[in-house]
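Residues per chain, in single letters:
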Amino acid sequence: MASKINDSSRPLTSVSRLSSQDARSAEAKTRNRPIAWKDGFESPGARPAAKLPQLPQLPAPPPVLSLPPPATTTPVPPEAPTEPPVSVDSDPMKHIEYLSSDALQGRDSPSAGLDAASAYVQAHVQKYGLVGPNSNNPENPFQQKFNVYSWLGADKAGEAAGAAHAGHKQFGHQTFQEGFYLDEKMPKDTLKLLNQQYEQTMKAAGQTAVPARSGKQRGVEELKQVATATGQAVNTMAMLPGTGPHKDEVIVVMAHLDHVGVDRKGNAYNGADDNASGSAVLMAAVPELAEAAKNGKLDRSVLFVWTGAEEKGLVGSQYFVDHPIPGVELKNIAGVINTDMVGRWDDQRLSVVDTNTKGQPNYFRDVVDQANQQLADPFDRINRDINVYRDRQDGASFGRKGEDVLFLFEGLSNPEGGGDLIPEYHRQDDDIEKIIEDNGGNKPRRVKDLLLNVINIAANRTTEPQPK
């Protein structure tokens, strides 16, 4: 892991933002008014982006709430060098609209909808100069692909456990709860965990687990005999290189891009809050962070990861941890931030998990408080009573390896913290309209501003002297 980080930070020069925090004080007065969709969404006549590598054509979803349909990812050379439309691209609501459209059919893992979402993310990050870091996949270094499996008879097991996709009503997943990956490079501890999950799944289905041929544990080939491949899913990633003395250290910022797909009648579960909201917040942070890096104001590097197959059981994040890409081994990671379900309820509160596996605060505890106070209109309350979910989200794949993890989340109903999940969790009415009804789109915008502050503080913090 990267060197430990102390509680002091380098002086930060604020990043210029067109959707800036400076406007938040005035905005606070009208925060919960019904949103006028022209606010922040009308394209300022942006010219096409610079020529990019060819990406798959995206589905063109129908306009939502009078918004123009998202632009195709097919690049067109500009007539002259221009600046990207930062004011539009920095608004997470633009990206939520596309990612939660019917055209993406619920972004299941694997599915054409998830592939289209990945292509949309790639076109966005390339526009701002981020690079694909996965040299293990030279055909597309913005992607990390992996095969997804399920147990034979898994449908019955899922029904018995009450955990089949849309019927899953407890937030988050245990690792490999409904799906998994299998390959010969699987570490021993992951193989052990998968063996345990197989036995639990068979027990829940009232079936007998196939015994190991030798010893106590089944090998990869043995597990393939009792599993079925469901297709190939993808982690989408982009690196923003740092410019300071700690540029070889990496802050990982992630959100799961997938959702649960469609029902048997073909009705899409669009997952606007879960987790188009978290994915969109990451996308909206890219333009301003890219500008900070361009101006030499980002010491450490930032790796954005949009995971796949989270809804199967944290599969994409576990695969990433087990198959590190060159330059982003665990020793290089100096903190992990995971963002999930941050669109709903009012925009004055947010829940976080900033503790390690022993329940002790990690260095993000002070970072979050400092980042919140830097907002022109800080969140009224940062709730820290959701540690029960620490191991049921993608950050857990890193936390088990000893990394410091921050989890940003707002899926619970109680304004004072805790409570029940949103009623629309894993239902077909988890749509963008619910976010608008709750807060006019200001909640994901404010989470993005907080996230920018957190990343800037974490990326520019000073390190403790290393023992000689």
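Residues numbered from 1 in each chain as written. Predicted model: local features only at pLDDT ≥ 70, side-chain atom pairs only at ≥ 80, totals over all residues. Heavy atoms only, no water.

You'll find the protein chain entered in an unreviewed UniProt entry as M28 family peptidase, with Corallococcus exercitus given as the organism.

### Considering the overall build of the protein chain
For the protein chain, the helix and strand inventory stands at 14 helices and 10 strands. When burial is assessed residue by residue, the protein chain has 57% of its 468 residues classed as buried. For the protein chain, the proportion of contacts with a sequence separation of at least 24, taken over those separated by at least 6, is 84%. Per element, the accessible surface of the protein chain, about 19000 Å² overall, is 50% carbon and sulfur. (Helix = DSSP H or I, 4+ residues; strand = E, 2+ residues; numbered from the N terminus. Buried < 20%, exposed > 50% of the residue type's maximum accessible area, 1.4 Å probe, protein only. Contact = heavy atoms within 4.5 Å. Areas by Shrake-Rupley, 256 points an atom, 1.4 Å probe, with all protein chains shown as cover.)

### Points about the pairing of strand β5 (residues 301–307)
Among the seven residues of β5, seven are classified as buried, and the element is accordingly described as predominantly covered. Neither face of β5 is left uncovered, since the one carrying Ser 301, Leu 303, Val 305 and Thr 307 and the one carrying Val 302, Phe 304 and Trp 306 both have all their residues buried. Pairing geometry for strand β3 (residues 227–240) and β5, over five bridges, is antiparallel. Following the sheet pairing, Ala 238 is matched in β5 by Phe 304. Relative to β5, strand β4 (residues 250–256) runs parallel, the two sharing seven bridges. The partner of Ala 255 across the bridge, within β5, is Trp 306. (Pairing = 2+ DSSP bridges.)

### Some words on the nonpolar core
The biggest cluster of nonpolar side chains holds 63 residues, and the ones touching the most others in it are Leu 99, Leu 130, Val 253, Phe 304, Ile 337, Leu 350 and Leu 451. Counting residues per element, this core draws most heavily on helix α8 (residues 272–294), which supplies 11 residues. Ignoring anything within four residues of it in the chain, the contact list for Leu 99 reads Leu 104, Arg 107, Ala 117, Tyr 120, Leu 257, Asn 270, Ala 276, Ser 279, Ala 280 and Met 283. One finds Phe 146, Trp 151, Leu 194 and Ala 309 within the second-largest nonpolar core, a separate group that totals 21 residues. (Core = buried A, V, L, I, M, F, W, Y, C linked by side-chain atoms within 4.5 Å.)

### A closer look at unusual backbone geometry
Residue Ser 109 is joined to Pro 110 through a cis peptide bond whose omega torsion reads 0 degrees. Its location among the elements puts Pro 110 in the loop between α3 (92–99) and α4 (112–127). In the segment running from Asp 274 into Asn 275, the intervening peptide bond is cis, with an omega of -5 degrees. Mapped onto the secondary structure, Asn 275 falls in helix α8. Despite not being glycine, Met 341 shows a phi value in the positive range, around 50 degrees.

### Let's talk about the packing of aromatic side chains
The geometry of two aromatic rings is summed up by the distance between their centres and the angle between their planes. This model, assessed by the stated rule, comprises 12 aromatic pairs. When the centroid spacing of 5.2 Å and the interplanar angle of 25 degrees are considered together, the rings of Phe 146 and Tyr 319 count as stacked. Of this pair, Phe 146 sits in strand β2 (residues 143–151) while Tyr 319 sits in helix α10 (residues 315–322); the two residues are 173 residues apart in sequence, bridging distant segments of the chain. When sorted by exposure, Phe 146 lands in the same class as Tyr 319, which is buried. Here the aromatic rings of Phe 407 and Phe 409 are separated by 5.4 Å at their centres, their planes lie at 20 degrees, and the arrangement is stacked. Here Phe 407 falls in the buried class, since its relative accessible area comes to 0%. Given the relative accessible area of 1%, Phe 409 is considered buried. Counting every residue linked through ring pairs, the aromatic cluster contains Phe 146, Phe 176, Tyr 181 and Tyr 319. Directly above the aromatic system of Trp 345 lies the positively charged group of Arg 344, at a separation of 5.7 Å from the ring centroid. Above the ring of Phe 379, the side-chain terminus of Arg 446 is found at 4.4 Å from the ring centroid. (Phe/Tyr/Trp six-rings, centres within 6.5 Å; stacked < 30°, edge-to-face > 60°. Lys NZ or Arg CZ within 6 Å of the ring centre and 35° of its normal.)

### Quick look at the environment of Glu 403
Tracing the backbone shows Glu 403 in the loop between α12 (396–399) and β9 (405–409). We classify Glu 403 as buried; its relative accessible area is 7%. Residues Glu 403 and Lys 331, 72 residues apart in the sequence, show an inter-C-alpha distance of 9.4 Å.

### Some details on the pattern of salt bridges
Considering all chains together, one arrives at 20 salt bridges under this definition. A salt bridge links Lys 127 to Asp 89; the nearest nitrogen and oxygen atoms lie 3.0 Å apart. Of the two residues, Lys 127 is situated in helix α4 and Asp 89 in helix α2 (residues 86–89); the sequence distance between them amounts to 38 residues. Looking at Lys 127, the relative accessible area reads 29%, which means it is partly exposed. (Salt bridge = Lys/Arg side-chain N within 4 Å of Asp/Glu carboxyl O.)

### What to know about the sheet that holds β9
Read across the open sheet, the eight strands follow the order β2-β3-β5-β4-β6-β9-β7-β8; overall the sheet is mixed. The strands lining the two open edges of the sheet, one partner per strand, are β2 and β8 (381–383). Put simply, the sheet's adjacent strands are angled 25 degrees from each other on average, direction ignored. The pairing of β4 with strand β6 (residues 333–340) spans four bridges and is classified as parallel. (Axes fitted to C-alpha atoms, helices over the stretch in contact; angles between N-to-C directions.)

### Some remarks on α8
With 23 residues, α8 extends 32 Å from end C-alpha to end C-alpha; this agrees with the ideal 33 Å at 1.5 Å per step. Largest kink in α8: about 35 degrees, centred on Val 286, with the proline Pro 287 one to four residues after it. For α8, the buried fraction is high: 21 of the 23 residues fall into the buried class. Directly after α8, the chain includes Gly 296, whose backbone phi takes a positive value near 75 degrees. (Expected span 1.5 Å × (residues − 1). Bend = angle between axes of the 7 residues up to and from the residue.)

### Some thoughts on α10
In terms of burial, α10 is largely enclosed, as eight of its eight residues are buried. Of all the positions in α10, only Val 315, Gly 316, Ser 317, Gln 318, Tyr 319, Phe 320, Val 321 and Asp 322 are classed as buried. Of the surrounding secondary structure, the elements contacted by the buried residues of α10 are β2, α6 (188–204), β3, β5, α9 (310–313) and α12.

### Brief notes about the packing of α4 against α8
In a packed pair of helices, the relevant descriptors are the angle between the two axes and the axis-to-axis distance. Running from amino to carboxyl end, α4 crosses α8 at an angle of 15 degrees, the nearest separation of the two axes being 10 Å. If you check the angle between α4 and α8, you find them roughly parallel. Of the two elements, α4 crosses α8, and the hand of that crossing is right-handed. From α4, Tyr 120, Val 121, His 124 and Val 125 reach across to α8, where they touch Met 283, Val 286 and Pro 287. (Parallel < 35°, antiparallel > 145°, perpendicular 65-115°, else oblique. Left-handed = near helix turned anticlockwise from the far one by under 90°.)

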